[in-house]
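Each chain, written out:
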Amino acid sequence: MIPVSEPLIGSREIEYVNECLQTGWISSAGRFIEEFESRWAEYCGVKYGVAVANGTVALQVAVECIGLSPGDKVIMPAFTIISCAQAIIRSGGIPLLVDSDPRTWCMDVKQVREKVEAEMKSGDGKLKAIMPVHIYGHPVDMDPILELAEKYDLKIIEDAAEVHGAEYLTGRNTPTPLWKKCGGLGHISVFSFYANKLITTGEGGMVLTNDPVCADKARSLRNLCFRPEQRFLHTDLGYNFRMTNLQAAIGLGQLERLQEIIDKKRWMGKAYTERLRGIQCLQLPVEQSWAKSVYWMYGIVLDESTGFDAVQFALKLKEKGVETRPFFLGMHEQPIFQKMGLFHNEKYPVTERIARQGLYLPSGLTLTEKQLSHVCDTVKNVLDDAR
Ligand SMILES: Cc1ncc(COP(=O)(O)O)c(C=O)c1O
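All figures in this text were calculated on a predicted structure; none of them were measured in a lab.

Let's shift gears to the packing of helix α10 (residues 310-319) against helix α13 (residues 369-386). Packing of α10 against α13 leaves a shortest axis separation of 10 Å and a crossing angle of 120 degrees. Put simply, α10 runs oblique to α13. When the axes of α10 and α13 are compared, the crossing they make is right-handed. Across the interface between the two elements, Phe313, Lys316 and Leu317 from α10 touch Thr378, Val379, Val382 and Leu383 from α13.

Next comes the structure, spelled out in structure tokens:
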């Protein structure tokens, strides 16, 4: 079976982890944590990094740092992981959904504008933030979102969990366009370092921000809101969301060869596109002129005319030794949110279609050219057999 993703652990990670084991620095203190935080923040062009246990809790901390009051609203995409919506809900907020752009599968920024303007007209003053989520390695079109945030004093919580090293061209309609790293565009941003990410720590996440107050709050929330001056006196409720030195050691080793990892992913994206381009009934990932994608996962969307939905197609590929994963299911279609009375009767047609018809192909760092060719041949054969 060709796996959908496999981590690639190098000798540097082993060397650093061995150092932790030999010196006994195996919990959440030790040199690798701070080094990983500062190196990752610097790479993304941001001042402060706060390493946490995973991307889901990074989102929760980020939303708490923004500080929502009960009933405050946050605009987010329907097409994403549940971690985004639950971070808002757990902070007492209300997620407002928008559909996806049919080409990039990221949030449709025209709909964001419409939603922001409708909220401003309503005059209830409850809209506080926008949560753009970069999808499968491709950036959201951030300029319109940055403008809206500036104009209406909204916070941007940037979910960069899937785009380590991806870049976005800010100010493309100005005389001074500038490429910036994803994760360096919002007021606060989050990453995941789960095992299938471009950089992994096994499980892990990080919150990035330029705001020292937010960074302090994130550090405090991560560590049970212990107070530096009197350890067991608490004036706030926090969590144990700490990352271990062992995890950070792996992350630092990975970070040292990030460019190599990005090059491999970009090669993979191009190689898949070259081989699959001629198949009419498949929609392939795009790369907009203002984006440098890192092709975290190579997604395809099947036309209904194939007679397959993603589940049926994935089964056929699995029978032939190719593992895949389905796309996200929209937030408005999640039974838990329906039970909570959220998103009642809301429709997001692009999200619904790509959730039903989309899946991603093997995209791991261990994928060889031979395996990639085999995956493409298998995709073609399954489609040909169905004709
Ligand atoms: C967009 C997005 N945000 C957040 C997360 C949550 O990260 P984690 O799995 O580390 O909790 C993921 C997970 O893959 C994700 O894809």
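Turning next to the packing of aromatic side chains. On inspection of all chains with the given rule, the structure shows 21 aromatic pairs. Each ring, one from Phe36 and one from Phe193, has its centre 5.1 Å from the other, and the planes form 55 degrees; the classification is tilted. With Phe36 in helix α2 (residues 31-44) and Phe193 in the loop between β8 (188-192) and β9 (205-209), the pair connects residues that are 157 residues apart, well separated along the chain. Here Trp296 and Tyr360 contribute two aromatic rings whose centre-to-centre distance is 6.1 Å and whose plane-to-plane angle is 50 degrees, an arrangement assigned as tilted. Linking Trp296 in the loop between β11 (291-292) and β12 (298-302) with Tyr360 in strand β14 (residues 358-361), this pair joins segments that are 64 residues apart in sequence. Both residues of the pair, Trp296 and Tyr360, belong to the buried class. The cationic tip of Lys181 hangs over the ring face of Tyr43; the distance from NZ or CZ to the ring centre is 4.4 Å. Between the NZ or CZ atom of Arg231 and the centre of the ring of Phe226, over which it lies, the distance is 4.0 Å.

Conventions used here
In this convention, every chain numbers its residues from 1, walking through the sequence in written order. Local features in a predicted model are, by the rule used here, given only for residues with pLDDT of at least 70; side-chain atom pairs are given and counted only at 80 or more, and totals for whole chains, interfaces and linings are based on all residues. Values shown for side chains rest on all heavy atoms present in the structure; no hydrogens or waters enter the calculation. A fitted line through C-alpha atoms represents every axis, and for helices the fit uses only the stretch in contact; the resulting angles, taken between N-to-C directions, go from 0 to 180 degrees. In DSSP terms, a helix is any run of H or I states spanning at least four residues, a strand is any run of E spanning at least two, and both are numbered starting from the N terminus. Just so you know how the angles are binned, under 35 degrees is roughly parallel, over 145 roughly antiparallel, 65 to 115 roughly perpendicular, and the rest oblique. Each crossing gets its handedness from the near helix: less than a right angle anticlockwise from the far helix is left-handed, clockwise is right-handed. Note on contacts: a residue pair qualifies if any of its non-hydrogen atoms lie within 4.5 Å across the two residues. For Phe, Tyr and Trp, rings pair up if their centres lie within 6.5 Å, where Trp contributes its six-membered ring, and each pair is then called stacked (planes under 30 degrees apart), edge-to-face (over 60) or tilted (otherwise). Exposed residues in this analysis have more than 50% of their type's maximum accessible area, buried residues have under 20%, and partly exposed residues fall in between, with area computed by a 1.4 Å probe over protein chains only. Note on criteria: charge over ring means Lys NZ or Arg CZ within 6 Å of the ring centre, with the direction from the centre no more than 35 degrees off the ring normal.

Honestly, it's all geometry; don't read function into it.
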